[in-house]
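Secondary and tertiary structure notes
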Amino acid sequence: HSKVASWWDEKIIDANNDVTLTLTLQITSSHMNEKTVVQNLLAVCDSNLFMWGGRQPSVLLIHVDSSKDEDMDLFTDTVQMIKDTFAPNDATSSTAHLKNSLVAIIDSSEATVSRKGLLNM
């Protein structure tokens, strides 16, 4: 029985002992209504990861509210903004600080999720 290599395995990071920074962000439907609000929230997260430095492993968990069907375009635009911020197609030195950072997008039909709930996902 073989184990599928995970991001942690590829980076040779022990998820239980090596991660020195864990950030959580919740983006609600009201946030998504204002593109600049989402951009500013992502910028704060990115600057925290930058200040932490690329050598120390970190995790950023972003919960995006997908509870309202009428907001699916906003949801899709928000997820794309997250990808453009943390995993751009043209990775440059401006994203070098993210090499040891795991950025995960979690969506749920719940408008908000507790930090503990996010960390358990």
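Residues numbered from 1 in each chain as written. Predicted model: local features only at pLDDT ≥ 70, side-chain atom pairs only at ≥ 80, totals over all residues. Heavy atoms only, no water.

**Quick look at the packing of helix α3 (residues 35-52) against helix α4 (residues 72-86)**
- Here α3 crosses α4 at 30°, and the two axes come no closer than 10 Å. As far as their axial angle goes, α4 and α3 are roughly parallel. Crossing of α3 against α4: the hand is right-handed. Mapping the contact onto sequence places Lys 35, Val 38, Gln 39, Leu 42, Cys 45, Asp 46 and Leu 49 in α3 and Thr 78, Met 81, Ile 82, Thr 85 and Phe 86 in α4. (Axes fitted to C-alpha atoms, helices over the stretch in contact; angles between N-to-C directions. Helix = DSSP H or I, 4+ residues; strand = E, 2+ residues; numbered from the N terminus. Parallel < 35°, antiparallel > 145°, perpendicular 65-115°, else oblique. Left-handed = near helix turned anticlockwise from the far one by under 90°. Contact = heavy atoms within 4.5 Å.)

**Focus: the sheet that holds strand β2 (residues 58-65)**
- Ordered by their spatial adjacency, three strands build an open sheet running β1-β2-β3, and the pairing between neighbours is parallel. The outermost strands of the open sheet, each flanked by one partner alone, are β1 (21-27) and β3 (101-108). Geometrically, the sheet is characterised by an average inter-axis angle of 15° between neighbouring strands, direction not taken into account.
- Sitting on the sheet, α3 touches β1, β2 and β3, and the angle it makes with β1 is about 180°.
- Contacts from α4 reach β1, β2 and β3, with the element oriented near 165° to β2. (Pairing = 2+ DSSP bridges.)

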